[in-house]
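Read off the chains here:
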Amino acid sequence: MSSNHLLIESDKEHETLDRSSASNFFSGSLSTPSSRQSSPRMEPSRFLKKMKRKGEKAWLQYHGRKTNAFVNSSSVSVKKELKKFGKGKRSQYGVYGRMLALAAHALAEGQNKREPKDLWREPVVPASAWMPCADQRNWEPSGGNNGYILVTANGGMNQQRVAICNAVVLARLLNATLVVPKFMYSSVWRDVSDIYQEEHFINYLTPDIRMVKELPNKLQSLDLEAIGSVVTDVDIPKESKPSFYLKNIIPILLRNGVVHLLGFGNRLAFDPIPFQLQRLRCRCNFHALQFAPKIQETGALLLRRLRKHEGHSGPLDHYLVGPYADSIMKEKRGQSAKASRYLAIHLRFEIDMVAHSLCEFGGGEEERQELEKYREIHLPALAHLKKTTKLPSPAEIRSEGLCPLTPEEAVLMLAALGFNRKTHVFVAGAQIYGGTRRLGALNSLYPYLVTKENLLSATELEPFKNFSSQLAALDFIGCTAANAFAMTDSGSQLSSLVSGYRIYYGGGKMPTIRPNKRRLAAIFVKNSTIEWKVFEQRVRKAVRQTKHIQSRSKGRSVYRYPRCKECMCPTD
């Protein structure tokens, strides 16, 4: 891997492990999936056929779907910052050297000004008009009489979380017994780890479905592939309706007594789904899945340090770190000191995301060659498609808002919105493409910037070393508990789940910034001429338009948009 990549966690020790193994998402026990499994990141044959058939339109549809620790001084020299981001630094900061200089100037001049009132809060009245109620049940437990469902979920922690809850709903739909799901082990997510509390998961959902930890002995000896009980993501259309499973999966269950779903990534539609099944989906995500104790304990430590040990707990702490929320209150108890609020931002700018987007990010020919090489190795179907099909240009893709925001664009957005230089910023993410060079823009404008690696010692992080999903869980906790959270990519599963969790438990007091990337792209394209005041006004308008409080629309994810009667109840 290029030295330009900031490796927040190393996974080299796992490179020699069997890529086809799988881990139980609670116990860490291993199993071996069938050789028929599809790639955890894409389905080459289906993807390729679709792109060849539909060309540019299909491409657009497809897409539609160690920094420094806290510093003690917030002063800044305007002249110094202008020089830092000026023409001499164009190669370091891509095409945004001029804008970053203007942002530095604006932050320096306005560091003592009040921030806009809506930065740290939602529209209170409409946002607080909903309350959590997915824990309410109105049915008898399922007998699970039609057979057993095995699920080996692919992707990272967030994708697997969605697959688990969809599997719970499927078990109820088919009156089947769910075997506690496992995680697929892949070349991308090398993780054999404990993530959630198994006993709580089973016990909480017992009134809904029958669940076991292992298949009965008589079924364990079966060759599931030989008897036709292995079903991969290639066999199941994306976001399939319940009718698909009733027609195609029930016969397998009744004939063989067991079906093994490999991958199960986004394979269950959000609509149409019966009311109680949709509520079960929410109940699983927001109530049944609780992080393992060691994640909760370290997550509580992370939150305490993010708040500068002020001894204040947040409204979501109990739901995120359980009994360890009390430890956050131990220090400085009884004092009236105001808790240090912080902004969390998830930079979805890892090399896989960058390469998959087919966008350009100001790195010239060297960047193009590096990303092309990555696609050849890790995204061969996309590399082949690029060679054989006329695709939209990088500029066209960007104009559609389909490119991930760069760290430079993210920091310019924050500055334009009015977050002052003293803002404490928590940056979540695993591997930032471009490494410390790209994070330099963020750190230079916002010196109170940290990651979990800054706040937790090497000894404290040691139990999580090489376990990417556990590290992602710590980022999830840090982002979800933040006073404000900024998304940089609407397609990010972590950002979607964090946003939904903040809505469900936030009581209308946990704002999330959801930028419209198409609108931002039209603004950023003028970076060489636009004046700061105009840039500021346009960015604020573009973001303000996404802050309207509304209930979930048909077909949208209940994990991201839980304001619906299946998940939450109106307070009036």
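Rules and cut-offs
- Residues numbered from 1 in each chain as written.
- Predicted model: local features only at pLDDT ≥ 70, side-chain atom pairs only at ≥ 80, totals over all residues.
- Heavy atoms only, no water.
- pLDDT = per-residue confidence, 0-100.
- Contact = heavy atoms within 4.5 Å.
- Disulfide = S-S within 2.5 Å.
- Helix = DSSP H or I, 4+ residues; strand = E, 2+ residues; numbered from the N terminus.
- Buried < 20%, exposed > 50% of the residue type's maximum accessible area, 1.4 Å probe, protein only.
- Axes fitted to C-alpha atoms, helices over the stretch in contact; angles between N-to-C directions.
- Parallel < 35°, antiparallel > 145°, perpendicular 65-115°, else oblique.
- Nonpolar A, V, L, I, M, F, W, Y, C, P; charged D, E, K, R; others polar.
- Phe/Tyr/Trp six-rings, centres within 6.5 Å; stacked < 30°, edge-to-face > 60°.
- Lys NZ or Arg CZ within 6 Å of the ring centre and 35° of its normal.
- Pairing = 2+ DSSP bridges.
- Left-handed = near helix turned anticlockwise from the far one by under 90°.
- Expected span 1.5 Å × (residues − 1).
- Salt bridge = Lys/Arg side-chain N within 4 Å of Asp/Glu carboxyl O.
- Core = buried A, V, L, I, M, F, W, Y, C linked by side-chain atoms within 4.5 Å.
- Polar contact = N/O pair within 3.5 Å; in protein donor to acceptor, adjacent residues only side chain to side chain.

Another aspect to go through is the confidence of the model for the chain. Within the chain, residue pLDDT values average 83, and 79% of them lie at 70 or more. Below pLDDT 50 for its whole length, residues 58–79 participates in 60 contacts with residues either more than four positions away or in separate chains. The model gives residues 86–92 a pLDDT under 50, and that stretch makes six contacts with residues more than four places away or in other chains.

Turning next to the state of the cysteines. Taken as a whole and judged by the stated rule, the model has four disulfides. Between the sulfur atoms of Cys282 and its disulfide partner Cys567 the distance amounts to 1.6 Å. Placement of the pair is Cys282 in helix 10 (residues 275–288) and Cys567 in the loop between helix 25 (532–544) and strand 17 (568–570), with a sequence separation of 285 residues. Accessibility assignment for this pair places Cys282 and Cys567 in one class, buried. For Cys359, the disulfide goes to Cys403, at an S-S distance of 2.0 Å. Sign of the S-S torsion, about -95° for the bond between Cys359 and Cys403, identifies this disulfide as left-handed.

This part is about the packing of helix 15 (residues 364–378) against helix 16 (residues 380–388). Any two packed helices are characterised by the angle at which their axes cross and by the distance between the axes. Interhelical geometry of helix 15 versus helix 16 gives an angle of 120° and a closest axis separation of 5 Å. If you check the angle between helix 15 and helix 16, you find them oblique. Here Glu372, Arg375, Glu376, Ile377 and His378 of helix 15 come into contact with helix 16, specifically with Pro380, Leu382, Ala383, Lys386 and Lys387. Of the residues assigned to the contact of helix 15 with helix 16, the class counts are four nonpolar, one polar and five charged.

Here we come to the environment of His346. Relative to the helices and strands, His346 resides in strand 11 (residues 342–346). Sequence separation of His346 and Cys479 is 133 residues, and the distance between their C-alpha atoms is 7.6 Å. Excluding anything up to four places from it in sequence, His346 contacts Ala428, Gly429, Phe485, Ala486, Thr488, Ser492, Leu494 and Ser495.

Here the focus is the packing of aromatic side chains. One pass over the structure, following the stated rule, counts 17 aromatic pairs. Consider the rings of Tyr196 and Phe291, whose centres lie 5.5 Å apart with planes at 15°: the pair is stacked. Here Tyr196 is found in the loop between strand 7 (182–184) and helix 6 (198–205), whereas its partner Phe291 is found in the loop between helix 10 and helix 11 (293–306), with 95 residues between them in sequence. Each of the two residues, Tyr196 as well as Phe291, counts as buried. Its end group placed over the ring of Phe291, Arg161 keeps NZ or CZ at 5.9 Å from the ring centre.

This next bit is on the sheet that holds strand 12 (residues 424–428). Within the open sheet, the five strands sit side by side as 14-12-11-15-16. Their pairing is parallel. Taken across any chain shown, the strands that pair with only one partner, and hence form the sheet edges, are strand 14 (449–450) and strand 16 (512–513). Running over the sheet, helix 18 (residues 407–417) touches strand 11, strand 15 (484–486) and strand 16 and is turned about 145° from strand 11. Docked against the sheet, helix 22 (residues 468–480) engages strand 11, strand 12 and strand 15, running at close to 150° with respect to strand 12.

Moving on, we come to the packing of helix 5 (residues 157–173) against helix 10. Contact pair helix 5 / helix 10: the axes reach a minimum separation of 9 Å and the direction vectors enclose 140°. What the angle tells us is that helix 5 and helix 10 run oblique. As for the relative orientation of helix 5 and helix 10, their crossing is right-handed in sense. Between helix 5 and helix 10, the contacting residues are Arg161, Ile164, Cys165, Asn166, Val168, Val169, Arg172 and Leu173 on the first element and Leu277, Leu280, Arg281, Cys284 and Asn285 on the second. Its residues placed into classes, the contact of helix 5 with helix 10 shows eight nonpolar, two polar and three charged.

On to helix 22. Taking 1.5 Å per residue as the helical rise, helix 22 with its 13 residues ought to reach 18 Å, and the 18 Å between its terminal C-alpha atoms agrees with that figure. Here helix 22 lies mainly inside the structure; 13 of its 13 residues are buried.

Attention now goes to the pattern of salt bridges. With the rule as written, the count across this model stands at 25 salt bridges. Residues Lys452 and Glu453 are paired through a salt bridge, measuring 3.5 Å at the closest nitrogen-oxygen approach. Across this residue pair, the class does not change: Lys452 and Glu453 are buried. Each member of the salt-bridge network shares a partner with another, and the members are Arg137, Asp208 and Arg283.

Core analysis: the largest hydrophobic core is formed by 93 residues, its most contacted members being Ile149 and Phe201. Tallying contributions element by element places helix 5 first for this core, with ten residues. If you look at the next biggest cluster of nonpolar residues, it comprises 59 residues, including Leu385, Leu414, Val427 and Leu439.

What follows concerns the environment of Asp233. Mapped onto the fold, Asp233 is located in the loop between strand 9 (230–232) and helix 8 (242–248). Here the side chain of Asp233 touches Phe264 through a polar contact of 2.7 Å, landing on its backbone nitrogen.

Working note: regular strand, side chains alternate between the two faces of the sheet. Where burial is concerned, most of strand 12 is hidden: five out of the five residues are buried. Of the two faces of strand 12, the one holding His424, Phe426 and Ala428 and the one holding Val425 and Val427 are both buried throughout. Bridge count between strand 12 and strand 14: two bridges; the pairing is parallel. By the bridge assignment for strand 14, Phe426 is matched with Val450.

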